[in-house]
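Given next are the chains, with one letter for each unit.
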Amino acid sequence: MGQHYLKPLFAPKSVAVFGASDQTDSVGKIVFQNMLQNGYRGALYAINPNHATIQGQAAYASIAHITAPIDLAIIATPAKTVPDIIEACGKHQVKAAVIISAGFSEAGAEGAALEKAVLANAKRYNIRLIGPNCLGVMRPDIGLNATFNLGSANVGNLAFVSQSGALCTAILDWAKTNDIGFSSVVSMGSSIDVDFGEILDYLVSDINTHSILLYIEGIRNARSFMSAIRAAAQFKPVILVKVGRHSTASKAAMSHTASLVGSDDAFDAAVKRAGVVRVQTVTQLFSVARALSCGFHPTGNRLAIVTNGGGPGVMATDIAADLNLVMANLSDTTIAQLNKTLPSNWSHGNPIDIIGDAQADRYHHAVKACLEDPNVDGVLTILTPQAMTKPLEAAQAVIALSNQFNKPLLACWMGGEQVLPSRKLFNQAKKPSFRTPEPAIEVFSFLSKYYKNQKLLRQVPGPLSHHLEPDIEGARMVIEGALQEKRKILSEMESKALLSAFHIPVARTLIARSANEALQIALELGFPVAMKINSPDITHKTDAGGVMLNLGNAQEVRSAYQEMLDNIAHNRPDAHIDGISIEPMVVKPNGRELMLGVTNDPVFGPVITFGAGGTMVEVMGDRSVALPPLNSFLVKDLIQDTKAAKMLAAFRHMPAIDMDALESVLLRVSEMVCELPMLMEMDINPLIVDEHGALAADARVVVGFRTPNADRYGHMAIYPYPSHLVTDWQLSDGTNVLIRPIRPEDAELEQAFVHELSEESRYFRFMNSIQELSQAMLVRFTQIDYSREIALIAVKQAHGRHAEHEEIELGVARFATNPDGESCEFAIVIADNMHGKGLGSKLMTALMDAARERGLKTIQGEVLSQNSHMLKLMKNLKFTIENSQHDDSIKTVYKAL
């Protein structure tokens, strides 16, 4: 694979500035001035039809007058001129453009028409666009300052991508005074072409970028965003701020779940699954980035506090409790060590008060003991300047320890003049330090969230979680039947049929359409019974007088039937009534009422929610939210994120619930979301769970038509593990082979496979003399995004005493979708002892089938000319084979799918 297609944007060899000017305070003047003053290392051209020179440089009337190639165009001219400029750039084979100009869709219908013309011209010539209406782009290491920001940026290893140009200018000004440098700064503006996803893709491969910071106002393409941000977070810390945290959910929501879950909940769930840290302020953004850049490896949320003052220690402990951090329980070994090195009147607990006369040696011993304690995940050390304190020496001791350990070690040197040299020392050493405990504790909480979210990132659930497969076809027929009748809300009977199809236990329910029929059903089911109005128009049945419980005899049932109809006639005269549902009264003395739900976020698609249930669900507001698909690890995390989790364990006279049963229901709901794209909203409320199991007492389902998609999971932001691609095969000698998509836990398997390849095979596959895969390569090859790439491995069972669950990799074939969304590049390698056995052909055929299923039209790759086995395989599979345009030693092979 060649250079990244956005390289002309981020590393252009030549730049043309349209609208370059000498006019005071004009955007064109500032942009061209910035390019000159920042020492851009490539060829720079000013384009202005009215002047022969601009700022002492030759100016050109148009790009057609420039004979040299241009990689990047910077456009700072009126909006009406931009479509023709893009046309001219296309004819000059320009690859990228940054449109700083405003006056497009944000300015009304005329501007929208101009924007459409700009995009059409860009697509015709394959020009990639940043903007319009943006600040521009910076790459400080090559002197590229294609912005109208007044000033430059320091060179560093942070990439900052923002949807707000105004915020960019403020942050750049602030960063300059705080000695913070950047590898890239990108102001995205209206993002009519290149979006977050593609920029993140480039930054992952950029060796100058160590951490990625994002300022987000909204996401348009969830799949692209999630795909790119998950890929980025596997290699580099990604920290983001998103505004609009308190936007309300849609008023048109038809279910409890939809009214409880706002768009920010879905975004929060998404970034957790992406392994990303979300912060609330710009200061936190850079503080967390600095902490992660120190080489810290967060492993949890257990904090130890070392302080020379009791008050600050207690203050910090309170803040930690507010942020749900755990004050570490010091081990006996640590206590013994502290008893040896601290005065007898130390606090003998956490926070560790080393007394006001503490000097550097005391800080050294206390902090070192905590960092060595396996019960401690991070340390906050606090200093207040007292008469005997030597702040600078204590800072030196803490910095030395920070260089020896990779646990988070944060410093809070409180005060002013007396600790100023210490603060400078921390800054010079690039160690995080704070003036007060609050921001320090916040940063540690974000570091612990980063650790937790990285674990969520590595989860790769499939669409189906149980061996007992659901009746997917039957469930679809129920939904399609309702839609054919132009109904979006399923009846309670239909809703429970849907749950039953996915093996979720439901209370047996029958419909009565007269008082006598109600009596007969109650006698059949056995008393006591519950009666509920059956209406697609009523969500809050209790509020409408449509629920009656614990009816213990025939007279109560017959009276309840008419009373309920009278209630509805009075409270909801507009509602359509289709009888009254009757079910046995669920008697679970130890039962806890919970709610499970599904709603559809307009950006991120299906969202699963869990929390306390019953009639007070909206008032309590206790829920956690997750993006499907789920597995057991993710389900446990979803449950533990609620207050309701505390009532599921044993307390008072009540035994603990059957947690396996609850987890099973949540996994089944995840299956429903994956396999039923037309499922828009769902409430299971209450789900009653006790020590014996779980039962869905009531359910409400909203469905809707969704345009058919070649991608069976196209409705989801996170693509499930593609278990439908798992196939069995057999070699001619009878060896059973399993072909399946690769998983993150296959890293050791993949490493062993590459290690066993001959030197020639490794060279043919990687086109260099690689001996084994680096950790980064292993992550890249095994932690893949199934929405845009597939890697199929062929494995056989290992033999031997301890090998019953071990596999041996025989070959791997993979493809990655190209940016055009229509073609993909492939790679394949087969174990040396498997050549000539048909495995290569089988893997390639399976890979092409998977690509074809995605709607891809072409599969292509590069093969070394001396790789005769591969060229023979390509010829047998009817690939076209041509000489590479760039290298005579490489053949380009491709095939229409």
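Just above sits the structure.
Here's what I pulled together on the structure shown here. (Residues numbered from 1 in each chain as written. Predicted model: local features only at pLDDT ≥ 70, side-chain atom pairs only at ≥ 80, totals over all residues. Heavy atoms only, no water.)

Before going further, it helps to examine the overall build of the protein chain. Helix and strand counts for the protein chain come out as 28 helices and 38 strands. Taking 29 Å as the expected radius of gyration for a compact globule of 897 residues, we find that the protein chain reaches 32 Å, a close match to that expectation. In the protein chain, buried positions account for 54% of the 897 residues. Pairs at least 24 apart in sequence give 70% of the contacts found in the protein chain among residues at least 6 apart. (Helix = DSSP H or I, 4+ residues; strand = E, 2+ residues; numbered from the N terminus. Rg over C-alpha atoms; globule rule 2.2 N^0.38 Å. Buried < 20%, exposed > 50% of the residue type's maximum accessible area, 1.4 Å probe, protein only. Contact = heavy atoms within 4.5 Å.)

With respect to the helices and strands, serine 787 occurs in the loop between helix H26 (775-782) and strand S33 (789-797). Residue serine 787 is classed as buried on the basis of its relative accessible area of 17%. In this structure the side chain of serine 787 is engaged in a polar contact, spanning 2.8 Å, whose partner is the side chain of aspartate 785. Sequence-distant contacts of serine 787, defined by excluding residues within four places in its chain, comprise Arg223, Ser227, Tyr719 and Arg854. (Polar contact = N/O pair within 3.5 Å; in protein donor to acceptor, adjacent residues only side chain to side chain.)

This paragraph deals with the sheet that holds strand S34 (residues 807-817). Sheet architecture is open: eight strands sit in the order S31-S32-S33-S34-S35-S36-S38-S37, paired in mixed fashion. Of all strands in the sheet, those bounded by a partner on one side alone are strand S31 (727-730) and strand S37 (880-883). Going from strand to strand, the sheet's axes swing by 25° on average, the running direction of each strand aside. Pairing geometry for strand S36 (residues 858-864) and strand S38 (residues 890-896), over seven bridges, is antiparallel. Bridge assignment links leucine 864 to a residue of S38, and that residue is isoleucine 890. Helix H27 (residues 839-853) rests against S31, strand S32 (736-741), S33, S34, strand S35 (823-830), S36 and S38 of the sheet, and its axis sits at about 40° to S34. (Pairing = 2+ DSSP bridges. Axes fitted to C-alpha atoms, helices over the stretch in contact; angles between N-to-C directions.)

Inspection of the secondary structure puts aspartate 578 in the loop between helix H20 (554-571) and strand S24 (580-584). Once the C-alpha coordinates of aspartate 578 and phenylalanine 651 are considered, the two residues, 73 residues apart in sequence, prove to be 42 Å apart. Residues contacting aspartate 578, with those up to four places away along its chain left out, are Ile511, Arg513 and Asn534. A distance of 3.1 Å separates polar atoms of two side chains, one belonging to aspartate 578 and the other to arginine 513.

The next subject is unusual backbone geometry. Note that the residue after phenylalanine 527, namely proline 528, is joined by a cis bond; omega there is -5°. In this fold, proline 528 is placed in the loop between helix H19 (515-525) and strand S22 (529-533). Put simply, asparagine 685 and proline 686 share a cis peptide bond, and its omega is 5°. We note that glutamine 93 has phi near 65°; this positive angle belongs to a residue other than glycine. Following the sequence through the fold, glutamine 93 ends up in the loop between helix H3 (82-91) and strand S6 (96-99). Residues other than glycine seldom take positive phi values, yet histidine 348 does so here, at roughly 55°. Tracing the sequence through the fold places histidine 348 in the loop between helix H12 (332-341) and strand S17 (352-353). On the accessibility criterion, histidine 348 (45% relative accessible area) is partly exposed.

This brings us to the pairing of strand S30 (residues 699-703). Most of S30 sits out of view: five of its five residues are buried. Covered by surrounding structure in S30 are Ala699, Val701 and Val703 together with Arg700 and Val702, the residues of both alternating faces. Alignment of strand S28 (residues 679-690) against S30, held across five bridges, turns out to be antiparallel. Residue pairing in the sheet places glutamate 681 in a bridge with valine 702 of S30.

As summarised here, the arrangement of the four strands in space is S21-S24-S22-S23, forming an open sheet in which the pairing is antiparallel. Among the strands making up the open sheet, the edge pair consists of strand S21 (510-512) and strand S23 (547-551). On average, each strand axis in the sheet is inclined to that of its neighbour by 25°, with strand direction left out of account. For S22 and S23, the ladder comprises three bridges, and the chain directions are antiparallel. Bridging across to S23, methionine 531 finds its partner in methionine 548.

This paragraph deals with the pairing of S24. Along S24, four of the five residues are buried, which leaves the element largely enclosed by surrounding structure. In the sheet, S21 pairs with S24 via three bridges, with the strands oriented antiparallel. Paired with alanine 512 across the bridge in S24 is isoleucine 580.

The terminal C-alpha atoms of helix H13 (residues 360-372), which comprises 13 residues, lie 18 Å apart, in line with the 18 Å expected from a rise of 1.5 Å per residue. Turning to H13, its buried residues number three or more, namely Ala360, Arg362, Tyr363, Ala366, Val367, Ala369, Cys370 and Leu371. Tucked inside the fold, the buried residues of H13 contact strand S15 (302-307), H12, S17, strand S18 (378-383), helix H14 (391-404) and strand S19 (409-413). (Expected span 1.5 Å × (residues − 1).)

Let us look at the packing of aromatic side chains. Evaluated as defined, the whole model comprises 14 aromatic pairs. Summarising the aromatic geometry, the rings of tyrosine 721 and tyrosine 786 are spaced 5.6 Å apart at their centres and angled 90° between planes, so their arrangement reads as edge-to-face. Here tyrosine 786 lies in the loop between H26 and S33 and tyrosine 721 lies in the loop between S30 and S31, a separation of 65 residues in the sequence. Across this residue pair, the class does not change: tyrosine 721 and tyrosine 786 are buried. Ring centres of phenylalanine 766 and phenylalanine 781 lie 6.1 Å apart, and the angle between their planes is 25°; this geometry places the pair in the stacked category. Of this pair, phenylalanine 766 sits in helix H25 (residues 759-766) while phenylalanine 781 sits in helix H26, and the two are 15 residues apart along the sequence. Following the ring pairs from residue to residue traces out a cluster consisting of Phe160, Trp174, Phe182 and Phe286. Lying across the ring of phenylalanine 267, lysine 242 places its NZ or CZ 5.2 Å from the centre. (Phe/Tyr/Trp six-rings, centres within 6.5 Å; stacked < 30°, edge-to-face > 60°. Lys NZ or Arg CZ within 6 Å of the ring centre and 35° of its normal.)

All right, on to the nonpolar core then. With 61 residues, the main nonpolar core has Leu214, Met226, Ile229 and Phe604 as its most contacted residues. The biggest single contributor to this core is helix H7 (residues 222-233), with seven residues. Those residues in contact with isoleucine 229 that lie beyond four places of it in its chain are Leu200, Leu214, Val238, Leu240, Ala274 and Val276. Listed in part, the 56 residues of the second largest apolar core include Ile790, Phe826, Ala831 and Met848. (Core = buried A, V, L, I, M, F, W, Y, C linked by side-chain atoms within 4.5 Å.)

The next subject is the packing of H12 against H13. Axis angle and axis distance: for two packed helices, these are the angle between their axes and the distance between the axes, and together they describe the pair. Between H12 and H13, the shortest axis-to-axis distance is 9 Å and the interhelical angle comes to 175°. On the basis of the axis angle, H12 is roughly antiparallel to H13. Here Thr334, Gln337, Leu338 and Thr341 of H12 come into contact with H13, specifically with Arg362, His365, Ala366 and Ala369. (Parallel < 35°, antiparallel > 145°, perpendicular 65-115°, else oblique.)

Mapped onto the secondary structure, asparagine 301 falls in the loop between helix H10 (282-293) and S15. A sequence separation of 568 residues divides asparagine 301 from histidine 869, and the C-alpha atoms of the two residues are 53 Å apart. Setting aside residues no more than four positions away along its own chain, asparagine 301 makes contact with Asn324, Leu325, Val326, Asp377, Phe444 and Ser448.

Turning our eyes to something else, we now look at H7. With twelve residues, H7 extends 16 Å from end C-alpha to end C-alpha; this agrees with the ideal 16 Å at 1.5 Å per step. Taking burial as the measure, the twelve residues of H7 include eleven buried ones, the bulk of the element. If you check which residues of H7 are buried, you get Ala222, Arg223, Phe225, Met226, Ser227, Ala228, Ile229, Arg230, Ala231, Ala232 and Ala233. Elements that come into contact with the buried residues of H7 comprise helix H6 (196-205), strand S12 (211-216), strand S13 (238-242), helix H9 (263-273) and helix H16 (437-457).

Another point: the side chain of glutamine 163. Within the element layout of this structure, glutamine 163 appears in the loop between strand S10 (154-162) and helix H5 (165-177). Under the relative-accessibility criterion, glutamine 163 is labelled buried at 16%.

This part is about the pattern of salt bridges. Taken as a whole and assessed by the stated rule, the structure comprises 39 salt bridges. Note that aspartate 357 and arginine 362 form a salt bridge whose closest N and O atoms lie 2.6 Å from each other. Between arginine 780 and glutamate 789 there is a salt bridge, and its shortest N-O distance comes to 3.1 Å. Owing to a relative accessible area of 36%, arginine 780 belongs among the partly exposed residues under this scheme. Residues joined in a network through salt bridges with shared partners are Glu492, Lys496, Lys532, Lys541, Glu583 and Asp698. (Salt bridge = Lys/Arg side-chain N within 4 Å of Asp/Glu carboxyl O.)

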